Amino acid sequence: MAEGGNKDVPATQQEQQEGEAARKRTLKFSEAELETLITEMVPNHDILFGRSSHKVPETRKRRIWEGIQAKVNALGVTHRTVEVLRKRCTDSHTRVPNTRGMIGESYIRHTEGHRGFTMEDIAADEERELRYYGWRRYLPWCKVFTLSLLAGVLTTAIGVLIVSLVFKEYLRPYRDSGSSESSNSTTTGTSPLTGSTPDITFKFHCSLNHTKEKAFQGGSIQCASYRKNSSTYSSAEEMAFGQTLHYFQSEISVCTLTIKSGGLRIPHWNLNANAHGLVIEGIVWVGVVEVGSTTAVTYNASMADVLFFPRNRPYWIKNIGNISSTIVLFFSTSEEPFSLEVNDVFFTTPEDILARTLLVCNL
């Protein structure tokens, strides 16, 4: 006896029997064992190996295998375990519905005739089973695809709804909430000047030569634009065009500036829009006062030159050529372009304030 209580116990008779049984498991299956195995397994084939076998509880399948094991071991050839029997049925494609392998051949030899089944019958049953379960194996993937499709459609619908709510004010036509007179003339198309309805084409077409001309010392300006006071339009056609620009928020108004030779468009500000200019004819001298600068930016511009005047930046234009100059101006607004000239500021400013501003006297 060794220290620590460890003893060398001799092998018992049961252990010897188990060792002999383990050696006997390696023996090949006899004809009687194969016949018994097949005879007991065929009625339970669908439960043990069928396509729906995964739905059968393991305890039930275990009981069936133990019953088969008991009948095979009753032959007395050797002790066969459940695992050995299951492996014998599945190795090398030897499952009964397959007509290959030792078990398949034994099944034909031992069951054909006295059991009423043939391998053709089993193959037909398998084919019917395949047709029944064939398309059903794709059901999980179909469910995943359907759910993904529904999720995509729902996400797209929510995105479109959000975009439509966010950009609602930009996508719908603008309706003026101003004077009732302007609103009425826009919807009915009737001119408050003449009481007549102009041709609908004038909502999308306007001749600048027939618009109201605003004169200044040294030149004039004509605009095809919206005017808040409809009585300032010179014609029903001009009003129809201007109100169309405003209704659809065109964000652009067009004017033509004509300056005589030596004439000057005095310094002024565009208070509600930026302005682009295209010189059509003549040579002009342009000055723009930049914020924070003590001097103005000046340059000469001739035909085909493009000018830019930022909002709230004073600028002037002088014709330095021998002929009249013409400039097309584009204002970035669908409202009435509003400009403030320097002389208007001077005329409305008290003299003492103006004197202090210009530093012409000591007060």
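Residue positions are given per chain, counting from 1 as you read along its sequence in written order. Totals for whole chains, interfaces and linings use every residue, but because this is a predicted model, local features are given only for residues with pLDDT of at least 70 and side-chain atom pairs only at 80 or more, for both listing and counting. Hydrogens are left out, water is left out, and the side-chain values use all remaining heavy atoms of the structure.

A. Focus on the environment of Ala240. Structurally, Ala240 is set in helix α11 (residues 236-247). Among the residues examined, Ala240 registers a relative accessible area of 13% and is labelled buried. Sequence separation between Ala240 and Asp199 is 41 residues; the distance between their C-alpha atoms is 9.0 Å. In this description, contact between two residues means that some pair of their heavy atoms is separated by no more than 4.5 Å. Setting aside anything within four residues of it in sequence, one finds Ala240 in contact with Pro198, Phe202 and Lys203. Numbering of helices and strands starts at the N terminus; helices are DSSP runs of H or I of at least 4 residues and strands are runs of E of at least 2. Relative accessibility thresholds used throughout: buried, under 20% of the residue-type maximum; exposed, over 50%; partly exposed, between the two (1.4 Å probe, protein chains only).

B. Representation of a nonpolar patch on the surface in the model. Here the term patch refers to residues with relative accessible area over 30% and no salt bridge, with like charges joined within 9 Å and nonpolar side chains (Val, Leu, Ile, Met, Phe, Trp, Tyr) within 5 Å. In short, Shrake-Rupley with a 1.4 Å probe defines the accessible areas, and a residue's cover is counted only from the protein chains shown. Each salt bridge in this description consists of a side-chain nitrogen of Lys or Arg and a carboxyl oxygen of Asp or Glu lying within 4 Å of one another. Residues Leu154, Ile158, Ile162, Val163, Val166 and Phe167 make up a contiguous nonpolar surface patch of about 560 Å² in total accessible area. Take Phe167: it is sitting in the loop between α8 (139-166) and α9 (168-171).

C. Spatial organisation of the sheet that holds strand β5 (residues 275-281). Any two strands are treated as partners once DSSP identifies two or more bridges connecting them. Strand order in the open sheet made by the 6 strands is β1-β2-β3-β10-β5-β8, with antiparallel pairing throughout. Strands at the two margins of the open sheet, each flanked by one partner only, are β1 (213-216) and β8 (306-309). Taking the axes of each pair of neighbouring strands and ignoring which way they run, one obtains an average angle of 25 degrees across the sheet. Judged from the 4 bridges that link them, β1 and strand β2 (residues 219-224) form a sheet pairing that is antiparallel. Bridge pairing in β2 places Lys214 opposite Ile221. What counts as an axis is a line fitted to C-alpha atoms, over the stretch in contact for a helix, and the angles between N-to-C directions run from 0 to 180 degrees.

D. A look at the nonpolar core. Residues Leu257, Val284, Leu307, Phe309, Ile317, Ile327 and Leu329 are the most contacted members of the largest nonpolar core, which totals 20 residues. For this core, the secondary structure elements donating two or more residues are β2, β3 (253-259), β5, β6 (284-289), β8, β9 (315-319) and β10 (325-331). Each residue touching Ile327, except ones within four places of it in the same chain, is listed here: Cys255, Thr256, Leu257, Gly277, Leu278, Val279, Val284, Leu307 and Ile317. What we call a nonpolar core is a set of buried Ala, Val, Leu, Ile, Met, Phe, Trp, Tyr and Cys residues that are connected through their side-chain atoms within 4.5 Å. Leu37, Met41, Phe49 and Cys89 belong to the second-largest nonpolar core, a separate cluster that totals 15 residues.

E. Local environment of α11. Given a helix with a known number of residues, its expected span is that number minus one, times 1.5 Å. For α11, built from 12 residues, the straight-helix expectation of 16 Å at 1.5 Å per residue is met to within 8% by its first-to-last C-alpha distance of 16 Å. A large share of α11 lies buried, amounting to 11 of its 12 residues. Every buried residue belonging to α11 is among Ala236, Glu238, Met239, Ala240, Phe241, Gly242, Gln243, Thr244, Leu245, His246 and Tyr247, and all of these are buried. Immediately downstream of α11, the backbone of Gln249 shows phi near 50 degrees, a positive value.

F. Main features of the state of the cysteines. Cysteine sulfur pairs qualify as disulfides if the two atoms are within 2.5 Å. Under the criterion given, the structure shown has 1 disulfide. Residue pairing for Cys223: its cysteine sulfur links by disulfide to Cys255, the two sulfurs lying 1.9 Å apart. Taking the torsion about the S-S bond as the criterion, the Cys223 to Cys255 disulfide, at about 110 degrees, is right-handed. Taken together, the residues Cys223 in strand β2 and Cys255 in strand β3 connect sequence positions 32 residues apart. Cys223 sits in the buried class, given a relative accessible area of 15%. You can call Cys255 buried: its relative accessible area is 0%.

G. Region of interest: the side chain of Lys61. Looking at where Lys61 falls in the secondary structure, it is placed in helix α4 (residues 58-73). Each residue touching Lys61, except ones within four places of it in the same chain, is listed here: Ile47, Leu48, Ser53 and Val56.

H. Representation of the packing of aromatic side chains in the model. Under the pairing criterion, centres of Phe, Tyr and Trp rings, with the six-membered ring standing for Trp, must be within 6.5 Å; the plane angle then separates stacked pairs below 30 degrees from edge-to-face pairs above 60, leaving the rest tilted. Going through the model one piece at a time under the given rule, you end up with 3 aromatic pairs. Ring centres of Tyr247 and Phe248 lie 5.0 Å apart, and the angle between their planes is 80 degrees; on these two criteria the pair is classed as edge-to-face. Throughout this description, the term charge over a ring refers to an Arg CZ or Lys NZ atom that lies within 6 Å of the ring centre and within 35 degrees of the ring normal. Above the plane of the ring of Phe29 lies Arg80, whose end atom (NZ or CZ) is 4.1 Å from the centre.

I. Here's a closer look at the pairing of β9. For β9, the tally of buried residues reaches 4 of 5 residues, placing the bulk of the element in the interior. By the bridge criterion, 3 bridges tie strand β4 (residues 264-270) to β9 in an arrangement that is antiparallel. Looking at the pairing, Arg265 lines up with Ile317 of β9. Examined bridge by bridge, β6 and β9 share 5 bridges and lie antiparallel to one another. By the bridge assignment, Val284 is partnered in β9 with Asn319.

J. The arrangement of the pairing of β4 in detail. Of the pairings in the sheet, the one linking β4 to strand β11 (residues 339-341) comprises 3 bridges and is antiparallel in character. Along β11, the bridge assignment pairs His268 with Glu341.

K. Summary view of the sheet that holds strand β7 (residues 296-301). Strand order across the open sheet formed by 5 strands is β7-β6-β9-β4-β11, with antiparallel pairing between neighbours. Every other strand in the sheet has two partners, leaving β7 and β11 as the edge strands with one partner each. On average, each strand axis in the sheet is inclined to that of its neighbour by 25 degrees, with strand direction left out of account.

L. Molecular detail of the side chain of Glu33. Structurally, Glu33 is set in helix α2 (residues 31-41). A relative accessible area of 0% places Glu33 in the buried class. Between N or O atoms, a polar contact is any pair within 3.5 Å; within protein, one atom must be a potential hydrogen donor and the other a potential acceptor, and residues adjacent in sequence are included only when both atoms are from side chains. Within the local environment of Glu33, its side chain forms a polar contact with the backbone nitrogen of Ser30, the two atoms lying 3.0 Å apart. Excluding residues that lie within four positions of it along the chain, Glu33 makes contacts with Lys28, Val72, Leu75, Val77, Thr78 and Arg80.

Honestly, that's just the spatial picture; any functional story needs more than this.
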